[in-house]
Structure formats: C-alpha cells, structure tokens
Amino acid sequence: MGDTEIVHALAPGAAIREVLIPSPYTARLGRVSLDMVSAAVVAALRLSLAQGGVISLSAGTGEQCFAPAEVAQVSAVLRAARRDRVTVVVSTGDSGAATTACPPETGSAAVKGVDLPASDPLTLSVGGTSLRASQATGAYIGETTWNVPPSAGGPAAGGGGFSRLFPRPAYQAGIAGIGATRGVPDVAADADHRPGMAIAFSGGGKDYILRGGGVSVAAPLWAAVIALADQYAGRHLGFVNPALYRIGRSAHYHQAFHDVTTGTNTVTLPTRTITGSQAAPGWDPVTGWGTPNAQVLVPLLARYVSP
C-alpha cells in the first residue's frame, strides 16, 4: 500500500499495476526458502517488463545469500529491462552498512555489505535520508543521512557500501570514493518515520493513517519521479543511471539534487557494530548523489537520455 500510495501521490497520471510475491519472513507461508523467493522476484520482474516503463521493488537480501545461478538470473532479467527501456528502481535496505540477513531459517547473520538486487549495476538503487521541512509551508530546509540508533527504536539506516559481486560500472568510473566495485546507492530520498510518509488504509471497519518510513518509501518516490520524467519526455527513458551520473558531474548538479553531506550509515547490532561511511559532498556510499529536486531534474533527465 505504501508503494502504491506514494507513486500515486507524486505521479497521479501514472497507471499502477501490482505484482505480489511471497516473503521469506511471512509466517503464514510456512518455511519459504530463499531460492523460492529469488525465483519469485525474477518471475515478478519478468512479468513487470510487459506492464509499464518503471518498476519499483522495495525488497532485497544480502549478496552473500545468493548462489551464482540466482545472481545470473537476476542480472539476465535486468539486462532485458535495459533492452526494453524499463527503469528498475530498487531500495537498498534498512540495515545501513550491514546487509539484510538471509531468511530466518538459515540461521544467518548480517555482515558488512550491500543487498541484491540493489547492488546490480542495472538497477537505480535508492538509499535513505531524514528530511526537514517547514510544517507551515512545506518549504525544504535540509536533510541528513537517515540513521535510527537502538535507543530510538533502531538500528536502522539506509543501505550503502560496495558490492562483492559486481565490478564498477562505466557510469561510475572516475567518481571519487568508488574503487573497483559497484558503489551503492545511486540516489536517496526521505526514509525517516518521523514525521514519515502518510499511508492510509482501512481495516475492521476503521480508517487509519500510518507514518511510513524506511527505504521502502524512498524507492517508490524515485519511481514516481522517473514516471514524471517519462511523461515529460513522452517516451520511456529506461536505464537512467548514466544520465543521472552525467547530471551529477555537471554544472546542473546542485539545482537538480539536494546534496546530503552529513550523517553516517554505521549501525550497532546486538552483537557488533558495523562501521559504514560518512556522507560527503557529491556522490557517497550513504546517500548517493542525494535527493531529487524534481522540478529541475525531470526536464534534465528527458534531455540527457537519448531517444
């Protein structure tokens, strides 16, 4: 519901189609193995390719959880998305510099790293920030890295770091702070539950408003921005990462993005602290290039992506 409502609020002209998949954490489904979930994600992505020009996926698991054949299946469907000019937007997870652990029945623990499929270079990976805005006017004030310590209900932070599976893609070449492997995330958006995104739903004859948060709300926000750019351009823009990185290197950067330069995605788990990175000017492995100023970014994207 959160994904749907956020996309609809920002891009009300977009047609929205839902593809539902099983979760390894849903007790009602019994013991759902990771390979079953991986197959379901791949099948859902394949189905989604024929449904529209932008896919938003708020799911992922640590790279270490996937067998090479499963990684290859994910990469194959993402190559098909690039071929078909479909943008695939994926959240980086809420575990900060740690990966999301494998399903509970595997007995795994979070380790330093990044989640798949967000780490695949053919996705637009989205991290999280904490937004400050005027309650009276909605005017933008500023942002910092989203990071909730254990004392405030965490640990939780936007996923970010470097892949152990994928080499650095061409569009990340020459970016300060990126070595030989894929850096995550590419961009970010507000993920803070306080005050959070307003999510409305009904149940038991009552209506409710929840404060949505986590990068599960940041990813659909970016999916909506890409949908607006598609509408502005009158065509599906498809794989937008190279264009976003060109904009990030250009004189338009600080008009098209809010550069987030404070905060860290270090997380303190019950058994250990996993040290992450510090947000910094320009791209960083905490908030990527930052958050969108859609009024400027949407027409720029339409211009930077070749027909």
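Preceding this paragraph is the structure being described.
Residues numbered from 1 in each chain as written. Predicted model: local features only at pLDDT ≥ 70, side-chain atom pairs only at ≥ 80, totals over all residues. Heavy atoms only, no water.

## Looking at the nonpolar core
Counting 59 residues, the largest nonpolar core has Trp222, Leu244, Phe257, Leu297 and Leu301 as its most contacted members. For this core, the element with the most residues is helix α4 (residues 215-233), which contributes 10 residues. When neighbours within four sequence positions are excluded, Trp222 is seen to be in contact with Val89, Leu124, Val126, Val187, Ala188, Ala189, Leu244, Phe257, Gly290, Thr291, Pro292 and Leu297. If you look at the next biggest cluster of nonpolar residues, it comprises 6 residues, including Cys65, Phe66, Cys102 and Leu116. (Core = buried A, V, L, I, M, F, W, Y, C linked by side-chain atoms within 4.5 Å. Buried < 20%, exposed > 50% of the residue type's maximum accessible area, 1.4 Å probe, protein only. Helix = DSSP H or I, 4+ residues; strand = E, 2+ residues; numbered from the N terminus. Contact = heavy atoms within 4.5 Å.)

## Quick look at empty space enclosed by the protein
Applying the stated rule across the entire model yields 1 cavity of 30 Å³ or more. Estimated volume of the largest cavity: approximately 50 Å³. Together, 13 residues line the largest cavity, and Val86, Thr87, Val88, Leu122 and Phe239 are the ones closest to its centre. Elements that contribute at least two residues to the lining of the largest cavity include exactly α3 (68-83) and β3 (87-91). At 3 residues, the largest contribution of residues to the lining of the largest cavity is made by α3. Its residues assigned to classes, the lining of the largest cavity shows 8 nonpolar, 4 polar and 1 charged. (1 Å grid on protein atoms, 1.4 Å probe; cavity = no way out; pocket = protein on both sides within 12 Å on 5 of 7 lines; lining within 4 Å. Points joined across faces, edges and corners; volume = space filled by probe spheres on them. Nonpolar A, V, L, I, M, F, W, Y, C, P; charged D, E, K, R; others polar.)

## Side note on the packing of aromatic side chains
In this structure the tally under the stated criterion is 8 aromatic pairs. Between Tyr171 and Phe239, the ring centres sit 5.9 Å apart and the planes meet at 65 degrees, which makes this aromatic pair edge-to-face. Of the two residues, Tyr171 sits in the loop between β9 (161-167) and β10 (181-184) while Phe239 sits in the loop between α4 and α5 (241-248), which places them 68 residues apart along the sequence. For Tyr171, a relative accessible area of 10% translates into the label buried. With centroids separated by 5.6 Å and ring planes inclined at 75 degrees, the aromatic side chains of Tyr245 and Trp289 adopt a geometry described as edge-to-face. In this pair, Tyr245 sits in helix α5 while Trp289 sits in the loop between β16 (273-274) and β17 (291-292), placing the two residues 44 residues apart along the sequence. Classification of Tyr245 as buried rests on a relative accessible area of 1%. (Phe/Tyr/Trp six-rings, centres within 6.5 Å; stacked < 30°, edge-to-face > 60°.)

## A word on α4
Over its 19 residues, α4 runs 27 Å from end to end, which matches the ideal 27 Å to within 8%, given 1.5 Å per residue. With 14 of 19 residues buried, α4 lies mostly within the body of the structure. Gly234, located one to two residues past α4, shows a positive phi value of around 75 degrees. (Expected span 1.5 Å × (residues − 1).)

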